[in-house]
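So you can see what is in the structure, the chains are spelled out below.
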Amino acid sequence: MSIETQPRSVSQTEQYEKCAWRFYLQRVERVTPTPAAWSHHGTAFHSAAEAFERSDRTMSAEEAVEIFSDQYEDMTNAALDREPDTDRWLSAGRYSGGEDIERRYVLGQQQTAYYVNWAKENGPSIWKTPEGEPALELYFLVELGGITVRGYIDQLVTVKDAVRPRDLKTGSTKSRFQLQTYGIAVRELYGVEVNDADWYLAKDGRLSRPVKLDQVTADELGERYAAMDAGVKAGDFPASPGYDCNFCDVAHACFFSQKT
């Protein structure tokens, strides 16, 4: 399916709004991205957390950590096969690519173990769909502003008499637009009450404050998706060079890049 006709998503829309040229390089030209350990960290943590929740929270911390470790190692080794020079990897802060790989392996193990213990003690019930399935990595497909939008919700939890979307974060970037989209999608698909949403912040081992969703309308969100969709179909991909070029995984193929 071509990029012009495929359903839209939160990540597509926010990427296009932030730098449409990056969108073009990554999703149209399909430039091979520069690897980054933070991506493997996040994916492996999500997999471990999902497996733990699907076990009805019977899985031990050690078992969950093993899932994290195995996936992190597999993803990292595959990326090293493609790019063995870790100095060329993207990394955060003062760390080199190699140092970031090693520290995130340990950090992710610690965060996974903490999540298991936290959830067993504090975590609310995972909501179940009408089919009786736990709402984990829950796929949705809805129409907003005349645009088909799809995505996956990390978790839906039960809070009092309402359902709350929850996004698991290993990094610091948080998206209200993402939570707002989740809220509208859950209301439309399941007809349940959704008043707010939150993030589980693995860096801090806690929940964020709830983000109110009761004032957000499908029409408001639909305008953003429609504007992004129109730009892509028109072939309009303006570049937005700046500080974020330092964290762009396709900057190596971009002649607008201001990466230092």
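Draft legend 1. A look at the overall build of the protein. Within the protein, the secondary structure is distributed over 7 helices and 6 strands. In the protein, the order of α-helices and β-strands from amino to carboxyl end is α-α-α-α-α-β-β-β-α-β-β-β-α. Over its C-alpha atoms, taken along the principal directions, the protein stretches across nearly 50 × 45 × 30 Å. Buried positions account for 47% of the 260 residues belonging to the protein. Restricting to contacts in the protein with at least 6 residues of sequence separation, those with at least 24 account for 68%. Counting only carbon and sulfur atoms, one obtains 47% of the accessible surface of the protein, whose full area is about 13300 Å². Treating the 29 positive side-chain charges of the protein as one cloud and the 41 negative ones as another, the clouds have centres 4 Å apart.

Draft legend 2. View of the environment of Arg187. Examined against the element boundaries, Arg187 turns out to sit in helix H6 (residues 176–190). Counting along the chain gives 49 residues from Arg187 to Leu138, while the straight-line C-alpha distance between them is 14 Å. Non-local contacts of Arg187, meaning those with residues more than four positions away in its chain, are made with Val192, Val194, Leu213, Asp214 and Val216.

Draft legend 3. The arrangement of the pattern of salt bridges in detail. All told, the structure shown has 15 salt bridges when counted by the stated rule. Across the pair Arg224 and Glu17 runs a salt bridge whose closest N-O atoms are separated by 2.5 Å. On the criterion of sequence distance, the pair formed by Arg224 in helix H7 (residues 218–233) and Glu17 in helix H1 (residues 10–18) is long-range, its members being 207 residues apart. Residue Glu17 is classed as partly exposed on the basis of its relative accessible area, which comes to 39%. Note that Asp198 and Arg164 form a salt bridge whose closest N and O atoms lie 3.1 Å from each other. A residue pair is termed long-range when its members are at least 10 positions apart, and Asp198 in strand S4 (residues 196–201) and Arg164 in strand S3 (residues 162–169) qualify at 34 residues. Judged by its relative accessible area of 0%, Asp198 falls in the buried class.

Draft legend 4. Examining the side chain of Gln15 more closely. Of note, Gln15 is situated in helix H1. Among the polar contacts listed, one links the side chain of Gln15 to the side chain of Gln26, at a separation of 2.8 Å. For Gln15, the residues in contact, after removing those within four places along its chain, are Ala20, Arg22, Phe23, Gln26 and Arg27.

Draft legend 5. Focus on the nonpolar core. Judged by nonpolar contacts, the single largest core of 27 residues is most densely connected at Phe140, Val149, Ile153, Leu156 and Tyr225. Going through the elements one at a time, strand S1 (136–144), strand S2 (147–159), H6, S4 and H7 are the ones with two or more residues in this core. Apart from the residues within four sequence positions on either side, Val149 is in contact with Arg8, Ser9, Phe140, Leu141, Val142, Leu144, Thr181 and Tyr225.

Draft legend 6. Structural view of the pairing of S2. In the sheet, S1 pairs with S2 via 8 bridges, with the strands oriented antiparallel. Residue Leu144 lies in a different strand from S2, and its bridge partner there is Ile147. In this structure, the hairpin formed by S1 and S2 is closed by a connection of 2 residues, where Gly145 is found at a positive phi of approximately 60 degrees. Relative to S3, S2 is paired through 5 bridges, and the arrangement is antiparallel. Looking at S3, one finds that Thr158 is bridged to Val163. Here S2 folds back onto S3, and the loop between the two strands holds 2 residues, one of which, Lys160, carries a positive phi near 55 degrees.

Draft legend 7. Focus on a nonpolar patch on the surface. A contiguous nonpolar surface patch, about 320 Å² in accessible area, is contributed by Tyr139, Leu141 and Tyr152. Along the chain, Tyr152 falls in strand S2. Judged by relative accessible area, which is 48%, Tyr152 ranks as partly exposed.

Draft legend 8. Spatial organisation of the environment of Trp38. Note that Trp38 resides in helix H3 (residues 37–54). Taking the relative accessible area as the measure of exposure, Trp38 reaches 27% and is therefore partly exposed. Note: C-alpha distance between Trp38 and Gly108 (70 residues apart in sequence) is 9.8 Å.

Draft legend 9. Region of the structure containing helix H4 (residues 61–82). In this model H4 runs 32 Å from its N-terminal to its C-terminal C-alpha over 22 residues, within 8% of the 32 Å that 1.5 Å per residue would give. Taken together, the buried positions of H4 are Ala61, Ala64, Val65, Phe68, Ser69, Tyr72, Thr76 and Ala79. Buried residues along H4 cover an arc of 135 degrees about the axis, so they all sit on one side. More than 90 degrees from the buried face of H4, the exposed residues found are Asp74 and Asp81. Residues of H4 that are buried in the fold lie against H3 and helix H5 (97–122).

Analysis parameters
Residues numbered from 1 in each chain as written. Predicted model: local features only at pLDDT ≥ 70, side-chain atom pairs only at ≥ 80, totals over all residues. Heavy atoms only, no water. Helix = DSSP H or I, 4+ residues; strand = E, 2+ residues; numbered from the N terminus. Buried < 20%, exposed > 50% of the residue type's maximum accessible area, 1.4 Å probe, protein only. Contact = heavy atoms within 4.5 Å. Areas by Shrake-Rupley, 256 points an atom, 1.4 Å probe, with all protein chains shown as cover. Lys, Arg positive; Asp, Glu negative; His and termini not counted. Charge placed at Lys NZ, Arg CZ, Asp CG, Glu CD. Salt bridge = Lys/Arg side-chain N within 4 Å of Asp/Glu carboxyl O. Polar contact = N/O pair within 3.5 Å; in protein donor to acceptor, adjacent residues only side chain to side chain. Core = buried A, V, L, I, M, F, W, Y, C linked by side-chain atoms within 4.5 Å. Pairing = 2+ DSSP bridges. Patch = residues over 30% accessible without salt bridge, like charges linked within 9 Å, V, L, I, M, F, W, Y side chains within 5 Å. Expected span 1.5 Å × (residues − 1). Arc of directions from axis to C-beta.

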